[in-house]
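Each chain, written out:
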Amino acid sequence: MNFDLFNRRIHLYLGLFLMIFFLKYAVSGFLYNHNSALNEYYKDKPQWTKRFERQYERPVPDNGNLLPVAAQILKDAGIENSAFGVYRAGKQQLNINSHSFFSTTRVVYFIDRNLLLIEDKNFRWDHFINKFHWLGRYQQDNFICDAWAFMLDLVFISIIIWVLSGIYMWWKIRKTRLWGSVALGGGVVSFLIFVFLL
């Protein structure tokens, strides 16, 4: 098998592998672009449903990494194996957002009142699809999150290889070089115009 045939096979099979990821980014990007219209549709629907509220006590450091504390609070609340983020909403309030593709749970710990509030976000299809853009990171200390992040690394590398193999195939076919140059140049120029104008 010569390199040209090998390159065509790589381009073909990477395209098939990447198909579902291209579709997901296309659909999620379209929905994200029309986010205001979707928010208008959902504006009269309740966004959160309270799961429970109870007394709770756990020391929270004033400074430093809050992820270990947040992980323990989630475990105490019966929420495990999920991607999450944590931030302070004031000195006496800790907000933790726990995510899976199908659900989002907000955990609010009022430190001075020793009170834990758990709320579940009501499901929206656009939120579910948009999570493909950002859900899962290596720093979660969670095997599934790490596996998903690794899968995305493979996707990103595959896209680069797919693009380069396509450029190579285009350049090898002399009769397509003119219109290929127009297509490639048009994409680059339109991209740069909006980069500098927006």
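Everything below is about the structure printed above this text.
The following refers to the structure shown. (Residues numbered from 1 in each chain as written. Predicted model: local features only at pLDDT ≥ 70, side-chain atom pairs only at ≥ 80, totals over all residues. Heavy atoms only, no water.)

### Considerations on the nonpolar core
Selection criterion: Among buried residues, the Ala, Val, Leu, Ile, Met, Phe, Trp, Tyr and Cys ones that are joined through side-chain atoms within 4.5 Å form a nonpolar core. Whether a residue is buried, partly exposed or exposed follows from its accessible area with a 1.4 Å probe, protein chains only, as a fraction of its type maximum: under 20%, in between, or over 50%, in that order. Runs of E in the DSSP output that reach at least two residues are strands. Runs of H or I that reach at least four are helices, and both are numbered from the N terminus.
Core analysis: the biggest nonpolar cluster contains 17 residues, and V60, I73, L94, I96, V107, Y109 and L116 have the highest contact counts within it. Of all elements in the fold, only α3 (67–76), β3 (93–99), β4 (104–110) and β5 (115–121) reach the threshold of two or more residues within this core. Here the element with the most residues in this core is α3; it accounts for four residues. Ranked by size, the runner-up nonpolar core spans nine residues in total, among them F21, F132, W148 and V155.

### Some remarks on the sheet that holds strand β1 (residues 48–55)
Definition in use: Here, strands pair whenever DSSP counts at least two bridges between them. Axis definition: a line fit to C-alpha positions, over the contact stretch in the case of helices; interaxial angles, taken between N-to-C directions, run 0 to 180 degrees.
Reading across from one edge, β1-β5-β4-β3-β2 is the order of the five strands in this open sheet, with antiparallel pairing throughout. Only two strands of the sheet have a single partner each, and these edge strands are β1 and β2 (83–88). Going across the sheet, the axis of each strand differs from the next one's by a mean of 15°, ignoring polarity. As defined by bridge partners, β1 adjoins β5 across seven bridges and the pair is classed as antiparallel. From the neighbouring strand, W48 faces β5, where its bridge partner is K121.

### Some remarks on the side chain of T105
The cut-off we apply is this: Polar contact criterion, stated in full: a pair of N or O atoms within 3.5 Å, where within protein one must be able to donate a hydrogen and the other to accept it, and residues adjacent in sequence count only if both atoms are side-chain atoms. Throughout, a contact is declared for two residues whenever any of their heavy atoms are within 4.5 Å.
Here T105 lies in strand β4. Assessed through its relative accessible area of 5%, T105 is described here as buried. Within the structure, T105 has its side chain in polar contact with the side chain of R51 (distance 3.4 Å). Dropping the residues within four chain positions of it, T105 is found in contact with W48, R51, I79, I96, N97, S98, I118, E119 and D120.

### Some remarks on the pairing of β2
Sheet topology places β2 next to β3; six bridges connect them, and they run antiparallel. Across the sheet, residue A83 finds its bridge partner in β3, namely H99. Two successive antiparallel strands, β2 and β3, enclose a turn made up of four residues, where G90 displays a positive phi of approximately 105°.

### Considerations on unusual backbone geometry
A positive phi angle, near 50°, is found at N114, a position not held by glycine. Relative to the helices and strands, N114 resides in the loop between β4 and β5.

### Things to note about the pattern of salt bridges
This is how the line gets drawn: One side-chain nitrogen of Lys or Arg within 4 Å of one carboxyl oxygen of Asp or Glu is enough to make a salt bridge.
Under the definition given, this model contains seven salt bridges. For D120, the salt bridge identified is with R51, shortest N-O distance 2.7 Å. Note that D120 is positioned in strand β5 and R51 in strand β1, a separation of 69 residues in sequence. Note on D120: relative accessible area 22%, which makes it partly exposed. For R51, a relative accessible area of 40% puts it in the partly exposed group. The salt bridge partner of D126 is R124, with a shortest N-O separation of 2.6 Å. Pair check on accessibility: D126 and R124 agree, each one buried.

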